[in-house]
Amino acid sequence: MLEIPESKTISLQAGETLVNRRITEVFNASSPHKFAWFYGDPAGYAKILAGRQVISTSGHGMFVDIRCDADLSITIGDGTNMTYLGGRDTERNFFGHNGGYKTLLSKNTVKTPCPNCGNLIVKEAYLGGAVYFCPSCQKFR
Ligand SMILES: [Zn+2]
């Protein structure tokens, strides 16, 4: 899930890079992902998107909207090749650099002291992904 600072950062970076440019090529989903949902048949996306001009971008909540001419919007959330867009320091940003949003509980901080209590941060598998937490501060109830 994108966090609010990430969607804001990504939308600003996407806006700096994409506004006034045209979509020239569209790649279909290349790796199945249980948390990626499509509207209609993604095989038809190229026909809809190619040639559209990007008008603006905005980040809201866990999504980034890329608005195009012809009253068309592309909404991006985590799972939509967000490793390319990034925002977190665990991901690459729009320009291929690690994002500026410093994560506290992530693959970068697992087995390091919790910034709140000093106990070690742990990683556990969850729904095909991973979660990172402090077992002292974030006790299961
Ligand atoms: Zn803690």
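The structure contained in this document is the topic of the report that follows. (Residues numbered from 1 in each chain as written. Predicted model: local features only at pLDDT ≥ 70, side-chain atom pairs only at ≥ 80, totals over all residues.)

### Overview of the overall build of the protein chain
Line of reasoning, step 1. Looking only at helices and strands, the protein chain has three helices and five strands in total.
Line of reasoning, step 2. Order of helices (α) and strands (β) in the protein chain, N terminus to C terminus: α-α-β-β-β-α-β-β.
Line of reasoning, step 3. Split into buried and exposed, the 141 residues of the protein chain put 20% on the buried side. (Helix = DSSP H or I, 4+ residues; strand = E, 2+ residues; numbered from the N terminus. Buried ≥ 20, exposed ≤ 12 C-beta atoms within 10 Å, placed from the backbone.)

### Observations concerning the sheet that holds strand E2 (residues 63–68)
In a beta sheet, neighbouring strands are held together by backbone hydrogen bonds and run either parallel or antiparallel to one another.
Line of reasoning, step 1. What the three strands build is an open sheet, ordered E1-E2-E3; its pairing is antiparallel. In the strand order of this sheet, the two ends are held by strand E1 (54–60) and strand E3 (72–76), each with one partner. Averaged over neighbouring strand pairs, the angle between their axes works out to 20° when direction is ignored.
Line of reasoning, step 2. Of the strand pairs in this sheet, E1 and E2 are connected by six bridges, and their pairing is antiparallel. Pairing of Val54 across the sheet is with Cys68, part of E2. (Pairing = 2+ DSSP bridges. Axes fitted to C-alpha atoms, helices over the stretch in contact; angles between N-to-C directions.)

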